[in-house]
Amino acid sequence: MSTKMKAAVFVRPGCIELVDKPIPDVGPTDALIRITTTTICGTDIHILKGEYPVAKGLTVGHEPVGIIDKLGSAVRGYREGQRVIAGAICPSFTSYACQDGSPSQDGSYLIPSGQCGNHGYKATAGWRFGNIIDGTQAEYVLVPDAQANLAPVPDGLTDEQVLMCPDIMSTGFSGAESGKIRIGDVVAVFAQGPIGLCATAGAKMSGATTIIAVDGIAGRLTMSKRCGADITINFREVDPVAEIMRLTDGRGVDVAIEALGTQGTFESALRVLRPGGTLSSLGVYSSDLTIPLGAFSAGLGDNKIVTTLCPGGKERMRRLMGVIESGRVDLSAMVTHRFKLDDIEAAYDLFAHQRDGVLKVAITP
Ligand SMILES: [Zn+2]
């Protein structure tokens, strides 16, 4: 077996390049996965543009589907050759942050390197692949805390069917879950990219009976109807805030999900919220946010603003794959383009410029 592998690494803002890297050594609690399918996330585009900093030379990507190549000596309950996924977020599930209900904010593995206090809380540090450690846009990836993070793929599900579980589906659904959507709720979802589409599907699964989806691309709005939207609004044609207030007789929505990460979408989500409603924010923001005083009722509107980083771990992945296996949701139509790893720079170019109606790309060896 070769000791080298191909990997897409961050070189400098504007440049992600395919290079040769050593295949990583497997520590006792790790698992080495041979990647069979991965994808590019909107967050990778923030990294590519230099809007979200990562170390030079880091392998990017955080959505692995693959086969266990080598198991660490301490990892129990799996076998080499097994098909698995792992969440984009790989918490240890042993830290204070994990036990206190915030596994995605688990930086306990950074304690030895002094990058966080002995408590181990570090914002976003549960996201390791392609952020702090080498990621999945490569021939192999090392999964840390493998016992907690490897999730076997049920027989009969294809790579593309489970490709959304590690991040997009987990994140999108969490927007509905963190918003605490109740049966009968009216929900607005701002932006219908892959995350927003999954938030729409999650809102439907959570019992929302009117789902209003907002985007500026007609193809995405068509897809959002397939994911469960009842009403779609193209913000290039009508003012979504005025239209949602009209549709709700001035009441506003119970839950507004923000799925892009801009001032405009955040502000619109706040402006359509009924008093006492919840703004559930999923986007990755690249600049400071301003809260409009009127929409915020001067701070007296009983509103809740919650943010969520993608939930990870094998139990989360098992549940999401169960949703797909049961046929409740089918997200495979979201894979619009396919590339070989060798052509990943072309895949980035297509995805970053949202050409040709792209939603998600599947990258295979
Ligand atoms: Zn992502």
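The structure displayed is predicted, hence computed values, not measured ones.

Draft legend 1. How the structure looks around the overall build of the protein chain. Each helix and strand counted, the protein chain has 11 helices and 15 strands in total. Against the 2.2 N^0.38 benchmark of 21 Å for 365 residues, the protein chain shows a C-alpha radius of gyration of 20 Å, consistent with a compact globule. The principal-axis extent of the C-alpha atoms belonging to the protein chain is close to 65 × 45 × 40 Å. Within the protein chain, contacts between residues at least 6 apart in sequence are counted, and of these 67% link residues at least 24 apart. For the protein chain, the exposed area adds up to about 15,400 Å²; of that, 52% sits on carbon and sulfur atoms. With 34 positive and 39 negative side-chain charges, the protein chain shows a separation of 3 Å between the mean positions of the two kinds.

Draft legend 2. Focus on the packing of helix H6 (residues 194-205) against helix H7 (residues 218-227). Two numbers describe how H6 lies on H7: the axes approach to 8 Å, and their chain directions differ by 25°. The orientation of H6 with respect to H7, classified from their angle, is roughly parallel. When you trace H6 past H7, the crossing you get is right-handed. Across the interface between the two elements, Pro-194, Leu-197, Thr-200, Ala-201 and Lys-204 of H6 pack against Arg-220, Met-223, Ser-224 and Cys-227 of H7. Here the contact of H6 with H7 is built from residues that sort into 5 nonpolar, 2 polar and 2 charged.

Draft legend 3. Molecular detail of the coordination of the zinc ion. Around the zinc ion, the donor atoms from the protein are Cys-41 (SG), His-62 (NE2) and Asp-167 (OD), and they sit 1.7 to 2.2 Å away. Expressed as a motif, the donor residue spacing for the zinc ion is C-x20-H-x104-D. Taken together, the positions of His-62 in the loop between helix H1 (42-48) and strand S4 (65-71) and Asp-167 in helix H5 (residues 165-178) put the pair 105 residues apart, joining distant regions of the chain. Asp-167 matches His-62 in its accessibility class, with the two residues each being buried.

Draft legend 4. Here's a closer look at the sheet that holds strand S3 (residues 31-37). The 5 strands are arranged S6-S3-S4-S5-S7 in an open sheet whose pairing can be described as antiparallel. Pairing within the sheet leaves two strands with one partner each, and these edge strands are strand S6 (140-143) and strand S7 (150-152). Across the sheet, the mean angle separating the axes of adjacent strands is 45° when strand polarity is ignored. Inspection of the sheet shows S3 paired to S6 by 4 bridges, in the antiparallel sense. If you follow Arg-34 over to S6, its bridge partner there is Tyr-140. Where helix H10 (residues 314-325) meets the sheet, its contacts fall on strand S5 (83-86) and S7, and the angle it forms with S7 comes to roughly 30°.

Draft legend 5. Broad picture of the nonpolar core. Residues Ile-85, Cys-165, Met-169 and Met-321 are the most contacted members of the largest nonpolar core, which totals 42 residues. Elements supplying a minimum of two residues to this core: H5, strand S8 (186-190), H6, H7, strand S11 (253-258) and H10. Per-element tally for this core: the top contributor is H6, with 6 residues. Leaving out residues up to four positions away in the same chain, Cys-165 has contacts with Ile-85, Ser-170, Met-317, Leu-320, Met-321 and Ile-324. Grouped together as the second largest cluster of nonpolar side chains are 25 residues, Ala-8, Cys-310, Tyr-348 and Phe-351 included.

Draft legend 6. Up close: the environment of Ala-191. Relative to the helices and strands, Ala-191 resides in the loop between S8 and H6. Between the C-alpha atoms of Ala-191 and Phe-10, which are 181 residues apart in sequence, the distance is 27 Å. Sequence-distant contacts of Ala-191, that is, excluding residues within four places in its chain, are made with Gly-196, Val-214, Asp-215, Ala-259 and Leu-260.

Draft legend 7. Region of the structure containing the pairing of strand S14 (residues 335-340). As defined by bridge partners, S14 adjoins strand S15 (residues 360-364) across 5 bridges and the pair is classed as parallel. Among the inter-strand pairings, Arg-338 is bridged to a residue of S15, identified as Ala-362.

Draft legend 8. View of the packing of H5 against H6. Contact geometry of H5 with H6 gives a least axis separation of 7 Å together with a crossing angle of 50°. Relative to H6, H5 is oriented oblique. Crossing handedness for the pair H5 and H6: right-handed. Mapping the contact onto sequence places Asp-167, Ile-168, Met-169, Thr-171, Gly-172, Phe-173 and Ala-176 in H5 and Pro-194, Ile-195, Cys-198, Ala-199, Ala-201, Gly-202, Ala-203 and Met-205 in H6. Its residues placed into classes, the contact of H5 with H6 shows 11 nonpolar, 3 polar and 1 charged.

Draft legend 9. Structural context of helix H9 (residues 263-271). For H9, the complete set of buried residues consists of Thr-265, Phe-266, Ser-268, Ala-269 and Leu-270. On its buried side, H9 packs onto S8, helix H8 (240-247), S11, strand S12 (273-281) and strand S13 (304-307).

Draft legend 10. Local environment of H10. Between its terminal C-alpha atoms H10 stretches 16 Å, which fits the 16 Å expected from 12 residues at 1.5 Å a residue. Along H10, the residues classified as buried are Arg-316, Met-317, Leu-320, Met-321, Val-323 and Ile-324. Looking down the long axis of H10, one finds its buried residues gathered within 150° of arc, a one-sided arrangement. Elements that come into contact with the buried residues of H10 comprise S5, S7, helix H4 (159-162), H5 and H6.

Draft legend 11. Up close: the pattern of salt bridges. Under the defined criterion, the tally for this structure stands at 14 salt bridges. With its nearest N and O atoms 2.6 Å apart, the salt bridge here joins Asp-254 to Arg-274. On the criterion of sequence distance, the pair formed by Asp-254 in strand S11 and Arg-274 in strand S12 is long-range, its members being 20 residues apart. Taken individually, Asp-254 and Arg-274 each receive the classification buried, so the pair is uniform in this respect. In this structure, Glu-315 and Arg-318 form a salt bridge, with 2.8 Å as the shortest nitrogen-oxygen distance. Here the residue Glu-315 and the residue Arg-318 both occupy positions in helix H10, the gap between them amounting to 3 residues, near one helical turn.

Thresholds, definitions, all that
Residues numbered from 1 in each chain as written. Predicted model: local features only at pLDDT ≥ 70, side-chain atom pairs only at ≥ 80, totals over all residues. Heavy atoms only, no water. Helix = DSSP H or I, 4+ residues; strand = E, 2+ residues; numbered from the N terminus. Rg over C-alpha atoms; globule rule 2.2 N^0.38 Å. Contact = heavy atoms within 4.5 Å. Areas by Shrake-Rupley, 256 points an atom, 1.4 Å probe, with all protein chains shown as cover. Lys, Arg positive; Asp, Glu negative; His and termini not counted. Charge placed at Lys NZ, Arg CZ, Asp CG, Glu CD. Axes fitted to C-alpha atoms, helices over the stretch in contact; angles between N-to-C directions. Parallel < 35°, antiparallel > 145°, perpendicular 65-115°, else oblique. Left-handed = near helix turned anticlockwise from the far one by under 90°. Nonpolar A, V, L, I, M, F, W, Y, C, P; charged D, E, K, R; others polar. Donors = N, O, S within 2.8 Å, 3.2 Å for Na, K, Ca; no water. Buried < 20%, exposed > 50% of the residue type's maximum accessible area, 1.4 Å probe, protein only. Pairing = 2+ DSSP bridges. Core = buried A, V, L, I, M, F, W, Y, C linked by side-chain atoms within 4.5 Å. Expected span 1.5 Å × (residues − 1). Arc of directions from axis to C-beta. Salt bridge = Lys/Arg side-chain N within 4 Å of Asp/Glu carboxyl O.

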